[in-house]
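Residue-level structure breakdown
Letter by letter, the chains look like this.
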Amino acid sequence: MSTQPAPADQAAPPDEHDAAAWREGFKTGLPTLFGIGAWGLVVGIAMVKAGLSIPQALGMTLLVFAGSAQLASLPLIVASAPVWVIFATALVVNLRFVIFSALLAPHFSHLPWRQRFALGYVSGDMTVALFLQRFPDERPAPGKLSYLKGLMYPNWIAWQVGSIAGIFVGSAVPPQWGLGFAGTLAIICITVPLIVNKAALCGVLVAGTVAVLAAGLPYKLGLLAAVVIGMITAMVVEETLEKLKGRA
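Residues numbered from 1 in each chain as written. Predicted model: local features only at pLDDT ≥ 70, side-chain atom pairs only at ≥ 80, totals over all residues. Heavy atoms only, no water.

Thoughts on the packing of aromatic side chains
Centre-to-centre distance and the angle between the planes together describe a pair of aromatic rings. This is how the line gets drawn: Within 6.5 Å between ring centres, the rings of Phe, Tyr and Trp (the latter by its six-membered ring) count as paired, and their orientation is classed by plane angle as stacked under 30 degrees, edge-to-face over 60, tilted in between. Under the scheme used here, helices are H or I runs from DSSP no shorter than 4 residues and strands are E runs no shorter than 2 residues, and both carry numbers assigned from the N terminus. Burial classes follow relative accessibility: with a 1.4 Å probe on protein chains only, a residue under 20% of its type's maximum area counts as buried, one over 50% as exposed, and anything between as partly exposed. When the NZ atom of lysine or the CZ atom of arginine is within 6 Å of a ring's centre and also within 35 degrees of its normal, the charge is said to sit over that ring.
Tallied over the full model, the rule gives nine aromatic pairs. For the pair Phe65 and Tyr121, a centre-to-centre distance of 5.8 Å together with 55 degrees between the ring planes defines the contact as tilted. Placement of Phe65 in the loop between helix H3 (54-63) and helix H4 (67-78) and of Tyr121 in helix H7 (residues 113-122) is noted, with a sequence separation of 56 residues between them. For the ring pair Phe65 and Trp159, a centre distance of 6.2 Å and an interplane angle of 70 degrees mean the geometry is edge-to-face. Placement of the pair is Phe65 in the loop between H3 and H4 and Trp159 in helix H9 (residues 144-172), with a sequence separation of 94 residues. When sorted by exposure, Phe65 lands in the same class as Trp159, which is buried. Among the aromatic side chains, those forming a connected cluster through ring pairs are Phe65, Tyr121, Trp156 and Trp159. When the ring centre of Phe135 is taken as origin, the NZ or CZ atom of Arg134, which lies over that ring, is 4.4 Å away. Of note, Arg134 hangs over the ring of Tyr147, and the distance from its end group to the ring centre comes to 5.7 Å.

In structure tokens form, the structure reads like this:
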């Protein structure tokens, strides 16, 4: 019996867990997790506001895991539409995942079907796009599967945390607040992580102030004015700070 060691390219199977690749995938997807959680928050509140009970909403977010399909289904559920209409609507909204599956299949067609099924369940728009940017080549490569998991698993957790929080928050929100409250929470969740420097902070503060002061303008022009003035403020502050650094 031969006792020669396996070649170097066979020593580490491509699908073997690679902690470094997992961390790389996690770091790549980390900036998107805030938005995913905020989107989940909105959908969670929307489910409760549409009349679903907390157990029903929890079951929907855990089983479906597709915000656009969930939101598209809610009005049909409220209207007591036939089940086949609800399923057909969700299917049409989620047809893009057929394309995602076709793009990922050549990379992982060798895996057992149960593992591929699990990966398909936790896949998302952004995670698939980020993975294909990193691994455009379909050939086996060490760390490829770990990188994908580093993208998908945190993305799934961020969605579920946001959605479940929205379900319980929505049950406590007065009915008269409506979905506008959910939108406000989502904007806050998305905006706060973007305030990375003094210029951005100044722009946000000015935009918020203008939005409040100009709330009475027709056609929602106050929001447009807030965005434009906030952007100009951020650019002016950034340019001023750069000049001050150059003089120092």
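Topic: the side chain of Thr61
Quick note on the threshold: Identification of polar contacts relies on pairs of N or O atoms within 3.5 Å, with a donor-acceptor requirement for protein atoms, meaning one able to donate a hydrogen and the other able to accept it, and with residues adjacent in sequence counted only if both atoms are side-chain atoms. Any two residues whose heavy atoms approach within 4.5 Å at even a single point are treated as in contact.
Within the secondary structure, Thr61 sits in helix H3. Exposure remark for Thr61: the relative accessible area of 0% places this residue in the buried category. A polar atom in the side chain of Thr61 sits 3.3 Å from the side chain of Trp159. The residues touching Thr61, leaving out its near neighbours within four places in the chain, are Met47, Gln70, Trp159, Gln160, Ser163, Ile164 and Ile167.

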